[in-house]
Amino acid sequence: MTRYSAWSVFWNGLTGQKNWDRAWRDPEPKKEYDVIIVGGGLHGLATAYYLAKNHGQKNIAILEKGWLGGGNAGRNTTIVRSNYFMKGNREFYEHSLKLWEGLSHDLNYNVMFSQRAHISLLHSPGARDGAARRYNTMRLHGSDGEIWGLDKLKKEVPHLNYSPNSRFPIIGAAVQRRAGTARHDAVAWGYARAADQLGVDIIQQCEVTGTTTKNGKMVSVETNRGTIKGKKIGFAVAGNTSRVWQMAGLGKLPIETHKLQAFVSEPLKPLLDQVVVFGVGGAHFYISQSDKGGMVFGGDLDWYKSYAQRGNLPIVQDVAECATSILPCLGRVRLLRHWSGVMDMSMDGTPFICKTPLDNLYLNAGWNYGGFKASPASGWYFADLIANDRPHEHIANHDLKRFERGYNIDERGAGPDPKLHG
Amino acid sequence: MTAKRLSSGGRIDRSQSLSFKWDGNIYNGYAGDTLASALMANGENVLGRSFKYHRPRGIMSAGVEESGAIVTIGEGAKKDPNVKATTQELYDGLMASGQNAFPSVRFDFGGVNNLFNKFFAAGFYYKTFMGLPPFEWGSKGTWLWMQYEKVIRNAAGMGRASREFDPDTYEHGHDFCDVMVVGSGPAGLTAALEASDAGLDVLLVEQDFMLGGDDLNRAGDLDLIAAVEASNIRVMTRTTAFGLYDYGVAGLLERVTDHMAEAPDYMPRQRFWTVRAKYTIVASGSLERHVAFGHNDRPGIMTANAGAAYLNRHGVLAGENIVISTNNDSAYSVAADLAGAGASVSMLDARETIAGATAEMASGAGIDITFNAAPMRAHGPKGIKKLEYASNSDHGWHHAGTVSCDLALISCGWSPVVNLLSHRGVKPVWNHENACFMPVESNEPLAVAGSATGHWNREDCIASGRAAATQAMNALGVSKTQVSAPANAGWENPIEPLYEVRVDSHKLKSFIDPQHDVTSDDVRLAHLEGFVSVEHLKRYTTLGMATDQGKMGNIIGIALMAEALGKDIPEVGTTTFRPPYTPISLGALTGRGVYDHFRPLRRTPMNAWNLEKGAVMMEAGLWHRPWYFPEKGEGISEAYIRETEITRNKVGLCDVTSLGKIAVQGPDATTFLNRIYTNAFAKLAIGKARYGIMLRDDGMVMDDGTTWRLSEDEYFMTTTTAHAAKVMVWLEELLQTRWQDLKVHVTSVSEQWAGIAIAGPESRNVLSKIASNAAEVTNDELPFMGVTQTTLKGGIPVRIARISFSGEMAYEAYVPSDYSRDLMDMLWEETTKVGGCLYGTEALGAMRVEKGHVTGTELDGRVTIEDAGLGGMASKKKDYIGNVLRKRPEMAKEGRPQLVGIFPVDRSKKFNAGAILCEKGKVSGFGVGWTTGVTHSPSFGHWLGVGFLEGGYKAWEGKTLIASDPTRAGDVEVEIVSPHMYDPKGERMHG
Amino acid sequence: MLRIQCPFCGERDHSEFTYGGDGSIEYPALDASLEDWTEAVFMRENIRGSQLETWQHTSGCRSWLLVERDTMTHEIHSVKLSHPDMGKATGGNR
């Protein structure tokens, strides 16, 4: 396998780009694997990688019904941050951010993690105090977090709408400097390539159509490419979790599927150097600029349950209003594309990485719309769970039974209404 | 390219000369020109630079698929980058400039990138820029990447957007119609006419500034347009149907003034229309394809139909010595037209031979055709000089000759515009005979007509437009006719599919996506590395992600991947087109909902009165509420401390109108309230108020407020400002979906009643002065928690309850909103007499913190009733919403964070809300609690606060902790006290 | 844009309405068991396809509606008032 480096780029340039290897193999599925991961999205790929790397597993397959990274891996707005403050989330997302910081070198694939700062705008003293609790908690955990006043913010992000006559004047910002953006597709490909190099079979165009359960264990999955046995099986199929779960005869889940739109503008010369988040007056909006120059942004869910990867106009309009209100120079900038992805929205906005009613089946689901930044840790903890058959202490409450216990991890305090979590 | 304007012909108005600027040079064009046609007529042929290699680019098309002539229009605050010159209507004074180039598109230092293009293959950036070259040495973090990133970001991007506020205005429009027809070529015009003749309300939408579609590119009369103009059809030109959404809803962008030199102030720049059509006919046409060959991106190479468009529409002969390369019949009429206009035209046809009318047309025009020939390599970096061509044999393509030329026109097939159907989730299917993706039937009320469904001649397009209209008429019940569209008859001479001319032994740089510099080698590299699905191909190479959204190159890319895989095109599939069809401004999507109109502003009926009294306003949700009322020279701190002191010692008035108010009426109102509140409401007497807590289903606190019993079956409920709407929806949901047997009606009366809090020892005195009958507000008649409905002086109806948030003797009085000014004038007169004041939310907050009352800051959706220190309000004798789930083990367990009061140990010290409470020596992690509300207390003379602490006051009584606030103030030592800091026995409010 | 046929107000854009949730849930009695309440409040079938769901016409007549809708295609098959007696208010048989 070629190790990627400036040298390999140079050498292949001289030799006509003919000597590159496949980024990952295209193997035929074997009859049986030690671990089968259903779902070749970021979480599935990361899980397989860490199973192989951290836990020495040799015989792993990822089954992907389409092409890897084809779900939310390639549909998100690429934001990476760890500004969570609830127990469980705090440790989890910080671990994720640390993994992100070393990810390009770890995978030998440039995932372009740009720690360009994540800036949440503040509009009232009350909001500042609320943010302070969150960012103080981060600081006391050794993470980074700052509260900026207006002068500092103006200097760092000059083109925002600072008019005192705007509907919600800005008074400052809560900032995580280590947060930023990454190149979403590259993360999927990087994990796939690295997992493949550790022997993981990545099997695309392999849709799970059924499961076979015996004596409280899932013995195999039926696919369009034949039956594949697995000693351990993990589900990581965001957006379709309920369907796979029901296929396995496991009933209901504390999950609803909703769709979230995302937007990109035509490419522009550098205009915005950070991730900016705007949330006031019922609005929710986030924006950054990709390295290619497109303004990448998004807002709220479409507000009704849906499995369709198609959005509707009210949110398009709402998101545009946010964009131009906060960055008034964007009025003349043109939207190039908008699309949507389907999200597992959980009942408290927090995911599940847990054991299931079946002994050898493990679940990774319910990422709401925060799954991208979570991918490294999601894979790391899920691999740890599968390998050791017990949850790491940081994800002790990321199980399906937490609602019975009354242990909600509700960062927004929105209660059991999935569409209100983000 | 030696283009010239012809003295006659075309659809421009030579009597209207327009002056415009290109990169500082002043040129002239005519009404009816696009910027592209005008620049071409003025001899400009390098108009852009490509994204990655900064290669010079000229005009490549005559429409929305343009990938070369991407320019910036305007300057200053009205600068528009990334405009396709081929779609920009010319106007007098238009100012355009090249972009993505320094110093200019004619000579660009960035062109040096092209020298290194062999290293800049698809995805090369994923393989390096991680550390120091050559082996990615150095630190393992992201620092080095971020240094590279700065350079990459500056090199990337296309145009530069203005940094100024967009000065233009935009509007939203809403419309309905029976039939919306998208596209005004022969098919669309026919469909619109047919449907309109049947009495249907037809909206015809055309992105161009002229109707006619491809008819505009041919010489001849525009008879259909005359008919449309005489009909009832509602025509929208300069309007793009950019997306089709659910239920026949289309998003339209109307460019209202983008073609005007100076627009009147009252006109918006653009309008975003939401159109709800009962039936949609998509007659969006088709786009001509290029072919991949060496240096096929050179200025002077464009689609064949563009040559016809510039000639027949704009009166510009794009070249004198033209070579046309084709694989289908459509280019022959172009050849004949150009030859007729005086150009020397020769043709390369990839096919072995042609016959029939097409052949006759060519021989009639005296055009020399070389068969079995296709372009191989172009020469002339800033304008084509000659074209090498190749012939095909069993061993593939080989070099066959060279022709000199100043313009090369390419026609390698046509792709129906299926974008709008793709928005609806309809996947097009590959049609081998026509070598293109065709739309398939949709089960929505939608039909496709014209070349968008693979009809290549005008007669068939007209017939298919008629068939689509009949389909619409049948669907809408105005006709029951069986009309079938003509079959896709293909071409007279079959098309010879051709996507790339690759000649062994020649290294050719062949572009597929010219804007993003994606080459055919990039596709093969993607294949080599396993990025073989179309979505991987697109993402790895960035094919189709430029501003033309793949209109120019997608099919070629897919075809080359199919070839590399040894598969058929349909097995490889196509990507899903996403809206918008062409890029649309965010300003238009925003409309008027921007700046101070971003969200509605809710003002209380006392707003003007408050402002007259000097109120500084504060955002509270969508409301503006008085924050404080500064007297001369006061800042917020001085003001709220004064307001608090005066209220505590005399009397203060506070506008509380923003609280939610709900009328709960009906025989079962009592039962209803008893179910939604945790505490007992069954025995609340008429004329009494009660503070209540309501929980969510999951047992967490939802909201709190007082509810007043006005009569046997009528209550007046107040909610918090923040949750007013939510509570109303919740009550309606319960009554309409869960408890349908309850006879209760709830009505939001938040707008109907203006509310004022009158608080302080003098409050009764003040109230009695304005009441019609002072005896009604005595301590006996209106004791603590008493309610009265009466009148004020002047006969103003009023509801008064003696309730207190401040902890003082206090009243809340509500009058119909229209009386609020009278109320305030009367109250203020009496209040000033006793030395009282107005107070805002800051003083309100200070007093509630002193009292240890909770607000939304504490009740944040994660707090149980016990956490809030209100466990006593949870009835054990009845069932209510949330009473089951609140008993879940984790919610009922000991040691949860509970409300406490907090004093600084050093009373001169300040601390903040949002600080983390930690034990000394353990200032890290989650600590043991946090602060939620902090104020300077005039009553105590120092800072104090409330917050949550594990185990509550019980566990920490008298102990000291650290309030840690690393993001702001640092650490302050605090001691824990009861949350009821001020007047803990409540003597003052009962007084 | 979904278009919802409100029994009182006629066909309107979905932006006038608020999505509620799964309309097939029968909320248990206030004194029902913890298990029943947990199931009703937290667990979802999460159907892909035709499902019964609640919407409220928040910017219209404020009615809560029971809507049968396909969560994949967004096609609405039926709309009726959640409260069966509310239609009587108009004297019609809505």
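As a reminder, the structure under discussion sits directly above these lines.
Residues numbered from 1 in each chain as written. Chains lettered and ligands numbered in written order. Predicted model: local features only at pLDDT ≥ 70, side-chain atom pairs only at ≥ 80, totals over all residues. Heavy atoms only, no water.

Caption draft 1: Up close: helix α7 (residues 184–197) of chain A. End to end, α7(A) covers 20 Å across 14 residues, agreeing with the expected 20 Å (1.5 Å per residue, within 8%). Residue A:Gly199 follows α7(A) closely and has a positive phi angle near 100°. (Helix = DSSP H or I, 4+ residues; strand = E, 2+ residues; numbered from the N terminus. Expected span 1.5 Å × (residues − 1).)

Caption draft 2: Looking closely at the nonpolar core. Counting 94 residues, the largest nonpolar core has A:Phe92, A:Trp100, A:Tyr109, A:Val187, A:Trp189, A:Tyr191 and B:Tyr499 as the members making the most contacts within it. Beyond its immediate sequence surroundings of up to four residues, A:Phe92 is in contact with A:Ile353, A:Trp367, A:Ala374, A:Ala377, A:Ser378, A:Tyr381 and A:Ile395. Counting 60 residues, the second largest nonpolar core, distinct from the first, contains A:Cys206, A:Val208, A:Leu361 and B:Leu742. (Core = buried A, V, L, I, M, F, W, Y, C linked by side-chain atoms within 4.5 Å. Buried < 20%, exposed > 50% of the residue type's maximum accessible area, 1.4 Å probe, protein only. Contact = heavy atoms within 4.5 Å.)

Caption draft 3: The arrangement of the interface of chain A and chain B in detail. On the side of chain B, 128 residues touch chain A, which itself brings 123 residues to the contact. Taking both partners together, chain A and chain B bury about 10,700 Å²; carbon and sulfur atoms supply 57% of that area. For the interface between chain A and chain B, the tally reads twelve salt bridges. With a closest N to O distance of 3.9 Å, B:Asp860 and A:Arg133 form a salt bridge. Of the residues that constitute the side of chain A that touches chain B, the class distribution is 51 nonpolar, 39 polar and 33 charged. (Buried area = accessible area lost by both parts, 1.4 Å probe. Salt bridge = Lys/Arg side-chain N within 4 Å of Asp/Glu carboxyl O. Nonpolar A, V, L, I, M, F, W, Y, C, P; charged D, E, K, R; others polar.)

Caption draft 4: Summary view of the sheet that holds strand β8 (residues 95–97) of chain B. All names here are of chain B. The five strands lie next to each other as β3-β2-β8-β6-β7, forming an open sheet whose pairing is mixed. Each end of this open sheet is capped by a strand with a single partner; those strands are β3 (25–31) and β7 (80–84). Taken over all neighbouring pairs, the strand axes of this sheet differ in orientation by 40° on average, direction set aside. Of the pairings in the sheet, the one linking strand β2 (residues 13–22) to β8 comprises two bridges and is parallel in character. Bridge pairing in β8 links Lys 21 to Met 95. (Pairing = 2+ DSSP bridges. Axes fitted to C-alpha atoms, helices over the stretch in contact; angles between N-to-C directions.)

Caption draft 5: Quick peek at the packing of helix α3 (residues 186–197) of chain B against helix α9 (residues 458–475) of chain B. Residue and element names in this part refer to chain B. Relative orientation of the contacting elements α3 and α9 amounts to 35°, with a least axis distance of 7 Å. Pair α3 / α9 crosses with right-handed handedness. On α9, the residues that touch Pro 186, Ala 187, Thr 190, Ala 191, Glu 194 and Ala 195 of α3 are Arg 458, Cys 461, Ile 462, Ser 464, Gly 465, Arg 466, Ala 469 and Met 473. Of the residues assigned to the contact of α3 with α9, the class counts are eight nonpolar, three polar and three charged. (Left-handed = near helix turned anticlockwise from the far one by under 90°.)

Caption draft 6: Focus on the pairing of strand β34 (residues 623–628) of chain B. Residues and elements named next belong to chain B. A large share of β34 lies buried, amounting to six of its six residues. In this sheet, β34 lies alongside strand β33 (residues 616–620) in antiparallel orientation, the contact comprising five bridges. Looking across to β34, one finds that Val 616 is bridged to Tyr 628. A loop of two residues connects β33 with β34, the two strands running antiparallel in sequence, and Gly 621 in this loop sits at a positive phi of about 65°.

Caption draft 7: Layout of the side chain of A:Ser8. Residue and element names in this part refer to chain A. Mapped onto the fold, Ser 8 is located in helix α1 (residues 6–14). Residue classification places Ser 8 among the buried positions, given a relative accessible area of 5%. In contact with Ser 8, other than residues within four places in its own chain, are Thr 2, Arg 3 and Trp 20.

Caption draft 8: Examining the pattern of salt bridges more closely. All names here are of chain A. Taken as a whole and judged by the stated rule, the model has 97 salt bridges over all chains. Between Asp 389 and Lys 355 there is a salt bridge; the shortest N-O distance is 3.3 Å. Of this pair, Asp 389 sits in the loop between α10 (371–388) and α11 (402–405) while Lys 355 sits in strand β17 (residues 352–355), placing them 34 residues apart in sequence. Taking the relative accessible area as the measure of exposure, Lys 355 reaches 37% and is therefore partly exposed.

Caption draft 9: Structural detail: the sheet that holds strand β3 (residues 18–22) of chain C. Residue and element names in this part refer to chain C. Spatial strand order, β3-β4-β5-β6: four strands in an open sheet with antiparallel pairing. At either end of the open sheet lies a strand with only one pairing partner, and these are β3 and β6 (76–81). The mean angle between the axes of side-by-side strands here comes to 30°, regardless of whether they run parallel or antiparallel. Where strand β5 (residues 64–70) and β6 come together, five bridges link them in antiparallel fashion. Counterpart to Arg 69 in the pairing with β6 is Ile 76.

Caption draft 10: Layout of the interface of chain C and chain B. Listed by partner, the interface residues are 27 residues for chain C and 27 residues for chain B. Taken over both partners, the interface formed by chain C and chain B buries close to 2,300 Å², and the fraction arising from carbon and sulfur atoms is 61%. Of all residues in chain C, C:Met1, C:Leu30 and C:Trp64 give up the largest surface area on contact with chain B, accounting jointly for 30% of the area buried on that side. On the surface where chain C and chain B come into contact, there are two salt bridges. The partner of C:Arg62 in a salt bridge is B:Glu732, and the shortest N-O contact between them spans 2.7 Å. Connecting chain C to chain B are ten residue pairs in polar contact (both at pLDDT 80 or more). With five residues, the top contributor of residues to the side of chain C that touches chain B is helix α1 (residues 34–42) of chain C. Per-class residue counts for the side of chain C that touches chain B are 13 nonpolar, nine polar and five charged. (Polar contact = N/O pair within 3.5 Å; in protein donor to acceptor, adjacent residues only side chain to side chain.)

Caption draft 11: Layout of empty space enclosed by the protein. According to the stated counting rule, one finds nine cavities of 30 Å³ or more in the structure shown. Within this model, the largest cavity holds a volume of roughly 190 Å³. Around the largest cavity, the lining is made up of 17 residues, and of these B:Ser415, B:Pro416, B:Asn419, B:Ile555 and B:Phe577 lie nearest the centre. Of all the secondary-structure elements, those providing two or more residues to the lining of the largest cavity are β25 (414–416) and α12 (554–565) of chain B. Residues of the lining of the largest cavity, tallied by class, amount to ten nonpolar, five polar and two charged. Together, A:Arg337, B:Lys538, B:Leu543, B:Gly544, B:Gln549, B:Asn554, B:Thr575, B:Thr576, B:Phe577 and B:Arg578 line the second largest cavity. Grouping the amino acids of the lining of the second largest cavity by side-chain chemistry returns two nonpolar, five polar and three charged. (1 Å grid on protein atoms, 1.4 Å probe; cavity = no way out; pocket = protein on both sides within 12 Å on 5 of 7 lines; lining within 4 Å. Points joined across faces, edges and corners; volume = space filled by probe spheres on them.)

Caption draft 12: Broad picture of the pairing of strand β51 (residues 970–977) of chain B. Residue and element names in this part refer to chain B. When strand β46 (residues 897–904) meets β51, the two strands line up antiparallel, connected through four bridges. The residue of β51 that forms the bridge with Phe 903 is Glu 975. Here six bridges tie strand β50 (residues 960–965) to β51, and the two strands are oriented antiparallel to one another. Bridge pairing links Asp 965 to Gly 970 in β51. Hairpin geometry of β50 and β51 is characterised by an intervening segment of four residues between the two adjacent antiparallel strands.

Caption draft 13: The state of the cysteines, seen in detail. All names here are of chain A. Under the counting rule described, the total for this entry stands at zero disulfides over all chains. Cys 322 takes part in no disulfide bond, and the closest cysteine sulfur to it belongs to Cys 329, at a distance of 15 Å. Exposure remark for Cys 322: the relative accessible area of 0% places this residue in the buried category. (Disulfide = S-S within 2.5 Å.)

Caption draft 14: Quick peek at the packing of aromatic side chains. Enumeration according to the criterion identifies 56 aromatic pairs over all chains in this entry. Ring plane angle 15° and centroid distance 5.7 Å describe the contact between A:Tyr109 and B:Tyr126, whose orientation is recorded as stacked. Of this pair, A:Tyr109 sits in the loop between α4 (103–107) and β4 (118–122) while B:Tyr126 sits in the loop between β8 and α2 (143–155), each in a different chain. When its relative accessible area of 1% is taken as the criterion, B:Tyr126 is described as buried. Pairing B:Phe107 with B:Phe109 gives two aromatic rings, centres 5.3 Å apart and planes at 80°, and the pair type is edge-to-face. Of note, B:Lys127 hangs over the ring of A:Trp20, and the distance from its end group to the ring centre comes to 3.5 Å. B:Arg313 extends its terminal NZ or CZ atom over the ring of B:Phe209, reaching a point 4.9 Å from the ring centre. (Phe/Tyr/Trp six-rings, centres within 6.5 Å; stacked < 30°, edge-to-face > 60°. Lys NZ or Arg CZ within 6 Å of the ring centre and 35° of its normal.)

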